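For reference, the chains in residue letters:
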Amino acid sequence: MSAAAPRPAGFVPRYFFICLAGPDFGKRLALVEGELTVGRAADCNLLSDDPDVTDHFALLQLQGGTLRVRGLAATLPFVDGHPSQEALLVPGHQVRLGRSTWQVSAAGSGEGVLRFVSRIGDHLSSVAGLERPSDWRPGEMFSEVVKRHADEEVESYFTM
């Protein structure tokens, strides 16, 4: 296993790996060039709380902008519902590691973040025993967040 490359100043990740459901729900990882091992062992780069994940379960490899996952255990990861010993990943692909479902998200797309926020809202509604508000749209709610604002606008917002 090769170590992940150190992050240079101004580093902007190309991909994120976000857990949408399962024992690892809520975990988020910025993927860097190199190899990252997923598992339950202390020497793994991404430690899993999933009881169905072995000590060294899978390898995520980002090399030259190409992202792939490779199974390291007898139980394979599932990519978009299909067991895969090795698969290329692109934004939007879902990967099941044990009982946890992860999704590849492109940095800067905002789509993965909005979907993540929407799923959190769904989860909170179900835990509280409430129906999800039909008119709630996280995209609209957070649309101004990613917009570039002038310094005067920001100062005005926080001094009101």
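Above this text sits the structure in question.
We now turn to the structure provided with this report.

Observations concerning the overall build of the protein chain
Point 1. Regarding its fold elements, the protein chain presents three helices and 11 strands.
Point 2. Seen in sequence order, the protein chain has helices and strands lined up from the N terminus as β-β-β-β-β-β-β-β-β-β-β-α-α-α.
Point 3. Intrachain contacts of the protein chain at a sequence separation of at least 6 include 41% that bridge at least 24 residues.
Point 4. Put simply, the protein chain shows about 9,800 Å² of open surface, and 55% of that area lies on carbon and sulfur atoms.

What to know about unusual backbone geometry
Point 1. Although it is not a glycine, D80 adopts a positive phi angle of roughly 50°.
Point 2. Locating D80 in the fold gives a position in the loop between β7 (78–79) and β8 (82–83).

Some points on the sheet that holds strand β10 (residues 94–97)
Point 1. Strand order in the open sheet formed by six strands is β2-β1-β11-β10-β7-β8, and the pairing between neighbours is antiparallel. Since the sheet does not close on itself, it has two edges, and those belong to β2 (28–31) and β8, each with one partner.

Side note on the sheet that holds strand β9 (residues 86–89)
Backbone hydrogen bonds hold the strands of a sheet together, and the pairing may be parallel or antiparallel.
Point 1. The strand order across the open sheet formed by five strands is β4-β3-β5-β6-β9, and the pairing between neighbours is mixed. One side of each edge strand has no neighbouring strand; the edge strands of this open sheet are β4 (46–47) and β9.
Point 2. Where strand β3 (residues 34–39) and β4 come together, two bridges link them in parallel fashion. Within the sheet, the bridge partner assigned to G39 lies in β4 and is L47.

Thoughts on the environment of A41
Point 1. With respect to the element layout, A41 can be found in the loop between β3 and β4.
Point 2. For the pair A41 and F57, spaced 16 residues apart in sequence, the C-alpha separation works out to 9.4 Å.
Point 3. When residues no more than four places from it in sequence are discounted, the contact partners of A41 are L47, D55 and H56.

As for the nonpolar core
Point 1. F17, L31, L60, L67, V69, L89 and L97 are the most contacted members of the largest nonpolar core, which totals 23 residues.
Point 2. Broken down by secondary-structure element, the contributors of at least two residues to this core are β1 (15–21), β2, β3, β5 (58–63), β6 (66–71), β9, β10 and β11 (100–106).
Point 3. Non-local contacts of L67, meaning those with residues more than four positions away in its chain, are made with Y15, L31, Q61, L62, A87, L88, L89 and V104.

Let's talk about the side chain of D50
Point 1. Structurally, D50 is set in the loop between β4 and β5.
Point 2. No salt bridge is formed by the buried D50, whose closest oppositely charged neighbour, R99, lies at an N-O distance of 4.5 Å.
Point 3. A polar contact of 2.6 Å, which involves the side chain of D50, links it to the backbone nitrogen of R99.
Point 4. Discounting chain neighbours no more than four positions away, the residues touching D50 are P23, D24, R40, L97, G98, R99 and S100.

A few points about the packing of aromatic side chains
Point 1. Under the criterion given, the structure shown has one aromatic pair.
Point 2. With a centroid separation of 4.9 Å and 10° between ring planes, the pair formed by F17 and W102 is classed as stacked. Of the two residues, F17 is situated in strand β1 and W102 in strand β11; the sequence distance between them amounts to 85 residues. The exposure classification of F17 matches that of W102, with both residues buried.
Point 3. The ring of F16 has R28 lying over it, and the distance from NZ or CZ to the ring centre is 4.1 Å.
Point 4. R96 extends its terminal NZ or CZ atom over the ring of F78, reaching a point 4.1 Å from the ring centre.

How each quantity is defined
- Residues numbered from 1 in each chain as written.
- Predicted model: local features only at pLDDT ≥ 70, side-chain atom pairs only at ≥ 80, totals over all residues.
- Heavy atoms only, no water.
- Helix = DSSP H or I, 4+ residues; strand = E, 2+ residues; numbered from the N terminus.
- Contact = heavy atoms within 4.5 Å.
- Areas by Shrake-Rupley, 256 points an atom, 1.4 Å probe, with all protein chains shown as cover.
- Pairing = 2+ DSSP bridges.
- Core = buried A, V, L, I, M, F, W, Y, C linked by side-chain atoms within 4.5 Å.
- Buried < 20%, exposed > 50% of the residue type's maximum accessible area, 1.4 Å probe, protein only.
- Lys, Arg positive; Asp, Glu negative; His and termini not counted.
- Salt bridge = Lys/Arg side-chain N within 4 Å of Asp/Glu carboxyl O.
- Polar contact = N/O pair within 3.5 Å; in protein donor to acceptor, adjacent residues only side chain to side chain.
- Phe/Tyr/Trp six-rings, centres within 6.5 Å; stacked < 30°, edge-to-face > 60°.
- Lys NZ or Arg CZ within 6 Å of the ring centre and 35° of its normal.

The values reported here are purely geometric and, on their own, carry no functional implication.
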